[in-house]
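Structural characterization, general
The primary structure of each chain is shown beneath.
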Amino acid sequence: MNVGHGEGQTRRWGIAAWAVVLGGLCGSVPSVAQPMPIPPALPRPGSGGGGGQATPTVQVEPSTVLDEMRKALQDAWAERVTITVKTGERTTRQGEYVLRSAPSASGEAAGEVRGRRVLIELGTLRCVVEGGEVVVHSARHPSTYFQASIKGEASAEALGSVLPMVLLPTLELARDGGGEGAMDLTPLTREVRWLSAEGNPNAVAPDRAMWTLQGMSAQGPVMMVVDAQTSRVQRLVIPVSEKAPDRPGIEMVFTPMSPGEPATWKPDVSKRRRVESIAQLSMAQPALGAGQVLTLPRMMSLAGAAAERGVVFTAAPNTPTAADGPAVVLLIVNDARTNDTKPAPTDALIAQAEMVMAKLRAEMKPTEKPPGYVRLLCVNELPDAGGLEAFRSRVRSRWPALAGVPDAGVLIGGPSEELIRAMTPEMLPALVIARADGVVRAVVPLEGYFNAPEQLLSEVKQGLGPREEIRSKPE
């Protein structure tokens, strides 16, 4: 199946774009590390003052707590991280991600520190990092994967060239030497110096035994709460920027969970197709592909006139002369879901396709025959004469990108179940490049080219360019 020859530009998303609440995740809390050693001068419960009194707090060097944290993170571990953004009195939950880490399966030379295998679960995306290689795949679409290289082990800094910004403070806290001097805890929290550590590690109730570390970053004050029994971070509060150092901006809550089996984290890429951008991972593989004949539903124009197959394709199926040149580019949009909550992004993709096709025609030589351009909206049921005006108003309101296109230039096709099933809803909107007899030459999903008109134009040109003839396949 041909899904174009190149892949679209990777979208650059912020923290909020990764705010996907993960459901159905369950697992027992892993075995905990040994409790942190207690300074000898610390009074223990029941000694000198009675067991009913509150456990006294104790001050220790921050490095003492940080060293124990690093020890607790040497084996396999996992945590669910919930991010909340606070602006003054307003609190907005941004979402969650899951972070898993384990010693690398490929051990290094004796006496050397082994690397780590890290899995980051961002909604339906899975990002595995090991040995300087990053593999990203989608749990929803098992046919593709993306791969890139980074310098060193997994960190927010190293992954910044591959993924959108992700806050991964636990990976920084796990590094050797992380407690020495200043550390860049997150991309938003740099040059952190821990100033104090106070806690009650001998609290009778284990869930109340904790250390509270106070620090200062280049952006403002930082506060971290650490479980005194497991030496795992529970809560982190960091500022948004140096412009507001006196109020916390982001709160991160860390919930331990079972790390699972590290051997299963990395996908079998031998059964997947490698793509050139993370944006391509979200696209399903359509059943419709190169060499197949595009079957059109019953059609009418937005003006109300019936439209036959000849309006789109000028030759009968399997006509030899149909291979002489490209015949048509179809912009296919799924309008069947009336409760679609994302018309605005889809309309932006339609507008980009309109611009690309206009540029394509403008760049063609006078001696070249431009391809036909057909806009096809797929609906569950064609509107009747009485409902056409209301349908037309809805389409014009829903897709502003078609504002300059006359009603006769927009086709409505339905019932669309067969065509939508062949394309799959995730593939639409898409540009389908076909011969004069309807044999498909290429399918170009538009979502992979968000804000990438030059790449989309190049992809369409390749689909229209000369190539070895493909025999049509049975429908």
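Going by the structure above, here's the rest.
Calculation rules
- Residues numbered from 1 in each chain as written.
- Predicted model: local features only at pLDDT ≥ 70, side-chain atom pairs only at ≥ 80, totals over all residues.
- Heavy atoms only, no water.
- Salt bridge = Lys/Arg side-chain N within 4 Å of Asp/Glu carboxyl O.
- Helix = DSSP H or I, 4+ residues; strand = E, 2+ residues; numbered from the N terminus.
- Buried < 20%, exposed > 50% of the residue type's maximum accessible area, 1.4 Å probe, protein only.
- Expected span 1.5 Å × (residues − 1).
- Arc of directions from axis to C-beta.
- Pairing = 2+ DSSP bridges.
- Contact = heavy atoms within 4.5 Å.
- Core = buried A, V, L, I, M, F, W, Y, C linked by side-chain atoms within 4.5 Å.

What the rule picks out here adds up to 19 salt bridges. Where E354 meets R375, a salt bridge forms, and the shortest distance between an N and an O atom there is 2.8 Å. Here the residue E354 occupies a position in helix α4 (residues 343-363), and R375 occupies one in strand β17 (residues 372-378), the gap between them amounting to 21 residues. Between R396 and D407 there is a salt bridge, and its shortest N-O distance comes to 2.6 Å. Taken together, the residues R396 in helix α5 (residues 388-398) and D407 in the loop between α5 and β18 (410-413) connect sequence positions eleven residues apart. Given a relative accessible area of 25%, R396 falls into the partly exposed group. Classification of D407 by relative accessible area gives partly exposed; the value is 24%. The network of salt bridges with shared partners includes E389, R392, R396 and D407.

This part takes up unusual backbone geometry. The residue after G414, namely P415, is reached through a cis peptide bond having omega -5°. Assignment of secondary structure puts P415 in the loop between β18 and α6 (417-423). For E191, which is not glycine, the phi torsion reads 55° and is therefore positive. If you trace the backbone, E191 turns up in the loop between α3 (169-173) and β8 (193-199). With a phi close to 60°, S231 is a non-glycine residue in the positive phi region. Structurally, S231 can be placed in the loop between β10 (221-227) and β11 (233-238). A relative accessible area of 1% means that S231 is categorised as buried.

For the rest of this paragraph, the subject is helix α7 (residues 453-464). In this model, α7 (twelve residues) spans 16 Å end to end at C-alpha, consistent with the 16 Å of a helix rising 1.5 Å per residue. Along α7, the positions that sit buried rather than exposed are L456, L457, E459, V460, G463 and L464. Along the axis of α7, the buried positions cluster into a sector of 160°, meaning they face one direction only.

What the seven strands build is an open sheet, ordered β15-β14-β18-β17-β16-β19-β20; its pairing is mixed. The open sheet has two edge strands with one neighbour each: β15 (306-307) and β20 (440-445). Where strand β14 (residues 299-301) lies against β18, three bridges are found, and the strand directions are antiparallel. Opposite S301, over in β18, you have L411 as the bridge partner.

For strand β6 (residues 133-138), the buried fraction is high: five of the six residues fall into the buried class. Pairing between strand β5 (residues 125-130) and β6: six bridges, direction antiparallel. Note that in β6 the partner of C127 across the bridge is V136. Linkage of β5 to β6, two consecutive antiparallel strands, is achieved through a turn of two residues, within which G131 is found at a positive phi near 60°. Where β6 meets strand β7 (residues 144-149), four bridges bridge the pair, whose relative direction is antiparallel. Counted as the bridge partner of V136 is F146 from β7. In this antiparallel pair of consecutive strands, β6 and β7, the connection spans five residues.

Along the polypeptide, V118 turns up in strand β4 (residues 116-122). You can call V118 buried: its relative accessible area is 2%. For the pair V118 and A154, spaced 36 residues apart in sequence, the C-alpha separation works out to 6.9 Å. Residues within four places of V118 in sequence aside, it is in contact with L99, R100, S101, C127, V128, V129, A154, L171 and W265.

Bringing the nonpolar core into the picture now. Core analysis: the biggest nonpolar cluster contains 56 residues, and Y97 and M224 have the highest contact counts within it. With residues near it in sequence (within four places) discarded, M224 still touches L66, M69, L173, W194, W211, T212, L213, V233, R235 and L236. A353, V379, L402 and Y449 belong to the second-largest nonpolar core, a separate cluster that totals 34 residues.

The next thing to look at is the environment of M299. For M299, the position within the fold is in strand β14. It is 7.9 Å that separates the C-alpha atoms of M299 and L382, two residues lying 83 residues apart in sequence. If we skip the residues at most four places from it in the chain, M299 touches A306, A307, E308, R309, V312, L376, L382, L411, I412 and G413.

Of all five residues that make up strand β19 (residues 430-434), five are buried, and the element is covered over most of its length. Where strand β16 (residues 328-334) lies against β19, five bridges are found, and the strand directions are antiparallel. Bridge assignment links L331 to a residue of β19, and that residue is L431. Across five bridges, β19 lies against β20 in antiparallel orientation. Looking across to β20, one finds that I433 is bridged to A442.

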